[in-house]
Amino acid sequence: MHDTHCCVTNCLANPYAPAGTQSVCKDHFLSFLTWRRRRGPQMFSTYAGMSMVERDSITAEWMKTIRIDEVPTPAPKL
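Residues numbered from 1 in each chain as written. Predicted model: local features only at pLDDT ≥ 70, side-chain atom pairs only at ≥ 80, totals over all residues. Heavy atoms only, no water.

Engineer: Account for the overall build of the protein chain, naming residues and giving values.
Structural biologist: When you go through the protein chain residue by residue, the secondary structure sums to three helices and two strands. In sequence order, the secondary structure elements of the protein chain are arranged as β-β-α-α-α. The buried share among the 78 residues of the protein chain stands at 33%. (Helix = DSSP H or I, 4+ residues; strand = E, 2+ residues; numbered from the N terminus. Buried < 20%, exposed > 50% of the residue type's maximum accessible area, 1.4 Å probe, protein only.)

Below, the structure written as structure tokens:
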């Protein structure tokens, strides 16, 4: 998690959790978990046994399902 921003295109939020060898913000992490859950319970045990590099293919597959207009923008700091 050495990225300065979420790995999702056009998302400028701070990284929250790993997604393969990259990292995602909290909103995208929750979206990623929901997507994995919908793929079935075996996805969690399979994903848990993968190396970070192997998880990149799963993350890439998930990123294809994200619409650009769904990308959250960080709230401005006052």
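Engineer: Can you explain the nonpolar core? Please cite residues and give values.
Structural biologist: In terms of nonpolar packing, the biggest core is built from 17 residues, with C6, V8, C11, V24, F32, I58 and W62 touching the most fellow members. No other element matches the three residues that helix α1 (residues 26-38) contributes to this core. In contact with C6, other than residues within four places in its own chain, are C11, A13, S23, V24, C25 and H28. (Core = buried A, V, L, I, M, F, W, Y, C linked by side-chain atoms within 4.5 Å. Contact = heavy atoms within 4.5 Å.)

Engineer: Before we move on, could you go through the pattern of salt bridges and cite the residues and values that matter?
Structural biologist: By the definition in use, this model includes one salt bridge. Here E61 ties to R39 by a salt bridge, and the two come within 3.4 Å at their closest N and O atoms. Of this pair, E61 sits in helix α3 (residues 52-63) while R39 sits in the loop between α1 and α2 (41-48); the two residues are 22 residues apart in sequence, bridging distant segments of the chain. Looking at R39, the relative accessible area reads 35%, which means it is partly exposed. (Salt bridge = Lys/Arg side-chain N within 4 Å of Asp/Glu carboxyl O.)

Engineer: Can you lay out α3 for me, pointing to particular residues and giving the numbers?
Structural biologist: For α3, built from twelve residues, the straight-helix expectation of 16 Å at 1.5 Å per residue is met to within 8% by its first-to-last C-alpha distance of 16 Å. Considered for burial, the residues of α3 that qualify are R55, I58, T59 and W62. For α3, the angular spread of buried residues about the axis comes to 105 degrees, placing them on one side. Residues of α3 that are buried make contact with β1 (17-19), β2 (22-24), α1 and α2. (Expected span 1.5 Å × (residues − 1). Arc of directions from axis to C-beta.)

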